[in-house]
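What follows is the residue order along each chain.
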Amino acid sequence: MKVPFMDLGAMHAPIEAQVLDLVRELAGTSAFIGGRHVAEFESAWAAYCGVEHAVGVANGTDAIVLTLRALGVGPGDEVLVPANTFIASAAAVSATGATPVFVDVDPVHLQVTPDTLDAGRTERTKAILLVHLYGHIVVPGPILAFARAHDLLVVEDAAQAHGALWEGRRAGSFGVAACFSFYPGKNLGAWGDGGAVVTDDPALAARVRTLANHGRAGGDHYRHAEIGINSRLDALQAGVLSAKLPLLDGWNAQKDDIVDLYRNKLGGMIVEPPDGVTSAWHLLVVRVADRDAVRAELDRKEIQTGVHYPIPCHQQPAYNVAALAPIAEAAAPELLSLPLFPTMTEAQVEYVSAALTGALRG
Ligand SMILES: *Cc1c(COP(=O)(O)O)cnc(C)c1O
């Protein structure tokens, strides 16, 4: 049996005809940038997340850069970032001229806590980039209380958490703003790059839109209110996302069921979300000793796996800075991401689980 890490083809089959129609439509109208398809997706995405505004941008990294810039975060400021996240969380902070300060995580869910955040806090700390890694929402209450107490902004990096829930509220509805990526492999993925910023604050949404569109404010094409960049979601990607959005909850639920099957076999190994969180299960991560050997054994059995992430951000050559993150450092060599996709079969789950427990027995 062969088990891929994910299967985007199976997810795209039901929307393929609709997207090809859209390609034909756009070929006819040449309305490639902006327009109705982008506006329709932005409204649908805001409504889905339970917020007032969504602004489509070119990718998830830009969503973070633009949000922080629109909030006035820049040179001289520090932003708290978990040590175990995808590098883009940190690189986006750096791109604003601010400094990412890497903080540790708790040993169970691998998420920041008020204590780990406090250990990284200084006079210069301006914001927390709250990353819902693997699709697991970080329970917002304690983090928001900590942020209020120290006058910090909370921006969610929800690039892995489309549709995740906590107490009936979606990822993206907790911070002053939230940033999504629609990279093809994300829970909601485009047929190319894409991203969005969501927020309840109309002025913040407007400023992100201005910064993302060459600093244009209002309808005047060649009047530029501030120095912006070009970071827009295009009509084709917006159309793909609109076609896929109605299927997102079903896909997430299917993955949740598949995780239940895995849980029966692999119980305590899985990095679980906190109680009360319905994860989007972007990734199913287990912790195993001798990870690289286990991974090689699964590879021999034609099981594709991943590692998210092998090197904590502060130890990446690009940063190589000191950080107090012993838990993130100890976890990194043990992390192994198993195949997980909506159309995965019970037989595939059993095959992967048996191969993993076999490899662990040695
Ligand atoms: C994917 C991802 C990003 C960046 O999104 P891109 O669209 O690839 O720029 C940022 N943060 C996290 C946690 C991600 O997984």
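The paragraphs below set out a description of the structure included in this document.

Scoring rules and cut-offs
Residues numbered from 1 in each chain as written. Predicted model: local features only at pLDDT ≥ 70, side-chain atom pairs only at ≥ 80, totals over all residues. Heavy atoms only, no water. Helix = DSSP H or I, 4+ residues; strand = E, 2+ residues; numbered from the N terminus. Rg over C-alpha atoms; globule rule 2.2 N^0.38 Å. Buried < 20%, exposed > 50% of the residue type's maximum accessible area, 1.4 Å probe, protein only. Pairing = 2+ DSSP bridges. Axes fitted to C-alpha atoms, helices over the stretch in contact; angles between N-to-C directions. Contact = heavy atoms within 4.5 Å. Polar contact = N/O pair within 3.5 Å; in protein donor to acceptor, adjacent residues only side chain to side chain. Phe/Tyr/Trp six-rings, centres within 6.5 Å; stacked < 30°, edge-to-face > 60°. Salt bridge = Lys/Arg side-chain N within 4 Å of Asp/Glu carboxyl O.

1. Looking at the overall build of the protein chain
Then step 1. Across its full length, the protein chain holds 12 helices and 12 strands.
Then step 2. Taking 362 residues into account, the globule formula puts the C-alpha radius of gyration at 21 Å, and the protein chain, at 20 Å, falls close to it.
Then step 3. Referenced to the eigenvectors of the C-alpha coordinate spread, the extents of the protein chain come out at roughly 65 × 55 × 40 Å.
Then step 4. Looking at the protein chain as a whole, 53% of its 362 residues are labelled buried.

2. Remarks on the sheet that holds strand β5 (residues 153–157)
Then step 1. Spatially, β1-β9-β8-β5-β4-β2-β3 is the arrangement adopted by the 7 strands of the open sheet, whose pairing is mixed. Every interior strand has two partners, whereas the edge strands, β1 (53–57) and β3 (99–103), have only one. Taken over all neighbouring pairs, the strand axes of this sheet differ in orientation by 25 degrees on average, direction set aside.
Then step 2. Relative to strand β4 (residues 125–131), strand β2 (residues 78–82) is paired through 3 bridges, and the arrangement is parallel. Following the sheet pairing, E78 is matched in β4 by T125.
Then step 3. Set on the sheet, helix α5 (residues 87–95) makes contact with β2, β3, β4 and β5; between it and β3 the angle comes to about 150 degrees.

3. Let's talk about the side chain of Q348
Then step 1. Its location among the elements puts Q348 in helix α12 (residues 346–361).
Then step 2. Residue Q348 is classed as buried on the basis of its relative accessible area of 13%.
Then step 3. In terms of polar contacts, Q348 uses its side chain to reach the backbone amide nitrogen of T345, at 3.0 Å.
Then step 4. Once residues within four sequence positions are removed from consideration, Q348 is found in contact with M1, K2, V3, P4, F341 and T343.

4. Some words on the packing of aromatic side chains
Then step 1. Scanning the entire structure with this criterion turns up 8 aromatic pairs.
Then step 2. Consider the rings of W45 and Y48, whose centres lie 5.3 Å apart with planes at 15 degrees: the pair is stacked. On the criterion of helical spacing, the pair formed by W45 and Y48 is a turn pair, its members being 3 residues apart in helix α3 (residues 36–49).
Then step 3. What makes W45 buried here is its relative accessible area of 0%.
Then step 4. For Y48, a relative accessible area of 14% corresponds to the buried category.
Then step 5. With a centroid separation of 5.6 Å and an interplanar angle of 85 degrees, the aromatic rings of W45 and F182 are classed as edge-to-face. In this pair, W45 sits in helix α3 while F182 sits in the loop between β8 (177–181) and β9 (195–199), placing the two residues 137 residues apart along the sequence. Grouping residues by exposure puts W45 and F182 together as buried.
Then step 6. Ring-pair connections join several aromatic residues into one group, and the members of that group are F41, W45, Y48, F180 and F182.

5. Quick word on the side chain of E42
Then step 1. Within the element layout of this structure, E42 appears in helix α3.
Then step 2. Among the polar contacts listed, one links the side chain of E42 to the backbone nitrogen of G56, at a separation of 2.7 Å.
Then step 3. What E42 contacts, discounting residues up to four positions off in sequence, is A54, V55, G56 and R209.

6. With respect to the pattern of salt bridges
Then step 1. Under the defined criterion, the tally for this structure stands at 15 salt bridges.
Then step 2. A salt bridge links D260 to R263, with the shortest nitrogen-to-oxygen separation between them at 2.6 Å. Here R263 and D260 lie together in helix α9 (residues 235–266), a separation of 3 residues that amounts to about one turn.
Then step 3. Given the relative accessible area of 37%, D260 is considered partly exposed.
Then step 4. Under the relative-accessibility criterion, R263 is labelled partly exposed at 29%.

7. Some thoughts on unusual backbone geometry
Then step 1. Across the junction of H308 and Y309, the peptide omega takes the value 5 degrees, indicating a cis bond.
Then step 2. You can see Y309 is positioned in the loop between α10 (291–300) and α11 (326–331).
Then step 3. Of note, the phi angle at S30 is positive, near 60 degrees, even though the residue is not glycine.
Then step 4. As for its position among the elements, S30 is in the loop between α2 (16–29) and α3.

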